[in-house]
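Next come the chains, spelled out residue by residue.
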Amino acid sequence: MSNTALITGASSGIGREFARYHAEKGGDLIITARRAEELDALKAEIEGDHGVTVTTIALDLAGAEGAQKLYDAIKGQRVDILINNAGFGGHGLFIERDLATDLAMIDLNIKSLVTLTHLVARDMAQKGGGKILNVSSTASYMPGPLQATYFATKAYVSSFSQALAEELKDKGITVTALEPGYVETEFAARADLDGTDLTKSGATPRSVAKFGYDAMRRGELRAINDGRLRFMLNWVFPMLPRWTQLKMIRRMQEKKS
């Protein structure tokens, strides 16, 4: 029985742990990221440890037609699980940030995810089912002063995922949005978040990947790995005035001198 997972952003962090966890369950993999050396190292590790087949595709998913190029490279292969993990953030006042960087963030976090999901989900529907896991964030629950574009992209991902879950359920496809809090990966350094309250403590990539993967297998709609955050975001935070929310989020993301 086919059990192949396509995972984007698989060279490090949560994506790498998704790949390892899926392989532990005996599944084959198609993994993609920009860094070929890291993908090749992961392929050698996983194939050696678990005896599954790993296909690597090194490309820039945010580049021109990146998602279409990835799909073209795997066309004809059955994909049972799609894990859209690739993405990045960025800290700072929006008007002081490089606009091209924020537009590239939108391209990767939204445009590429939407394109790849459309292409792969269409194949899943024709073949009778599948599972999709979109890596969102607790950022999806609120606007994010000092990470305005990133928070907005994750709000899109979570909204998009829930709508698709309803549209595709009759076709045997489940769609899950994984919405973790801070995770100890390369993300913080790339997003220039070091020195903020957001990075004081976080979950391990392994624990988040396992939590999200298991939630996807169960067909859950949204999955927050931290129980305390889950309670706060669903029951406490929505009761606060919006200006209070905005001030709280900004303070969490301000650099401490």
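Residues numbered from 1 in each chain as written. Predicted model: local features only at pLDDT ≥ 70, side-chain atom pairs only at ≥ 80, totals over all residues. Heavy atoms only, no water.

Turning to the pattern of salt bridges, a few remarks are in order. Any two side chains of opposite charge can pair, on the condition that their charged atoms come close. All told, the structure shown has 12 salt bridges when counted by the stated rule. Of the charged contacts in the structure, one is a salt bridge between Asp 72 and Lys 75, with a shortest N-O distance of 3.5 Å. A salt bridge links Lys 210 to Asp 214, with the nearest nitrogen and oxygen atoms 3.2 Å apart. Taken together, the positions of Lys 210 and Asp 214, both in helix α7 (residues 205-218) and four residues apart, correspond to about one turn of that helix. Looking at Lys 210, the relative accessible area reads 37%, which means it is partly exposed. Classification of Asp 214 as buried rests on a relative accessible area of 19%. What emerges from the salt-bridge pattern is a single network uniting Glu 17, Arg 20 and Glu 45. (Salt bridge = Lys/Arg side-chain N within 4 Å of Asp/Glu carboxyl O. Helix = DSSP H or I, 4+ residues; strand = E, 2+ residues; numbered from the N terminus. Buried < 20%, exposed > 50% of the residue type's maximum accessible area, 1.4 Å probe, protein only.)

A large share of strand β1 (residues 4-8) lies buried, amounting to five of its five residues. Residues Thr 4, Leu 6 and Thr 8 point to one face of β1 and Ala 5 and Ile 7 to the other, with burial holding for every one of them. As judged from the five bridges shared by β1 and strand β2 (residues 28-33), these two strands associate in the parallel manner. Bridge pairing in β2 links Thr 4 to Asp 28. (Pairing = 2+ DSSP bridges.)

This part is about the environment of Leu 82. By the element assignment, Leu 82 lies in strand β4 (residues 81-84). Leave out the neighbours within four places in its chain, and Leu 82 touches Leu 6, Leu 116, Thr 117, Val 120, Met 124, Lys 131, Ile 132 and Leu 133. (Contact = heavy atoms within 4.5 Å.)

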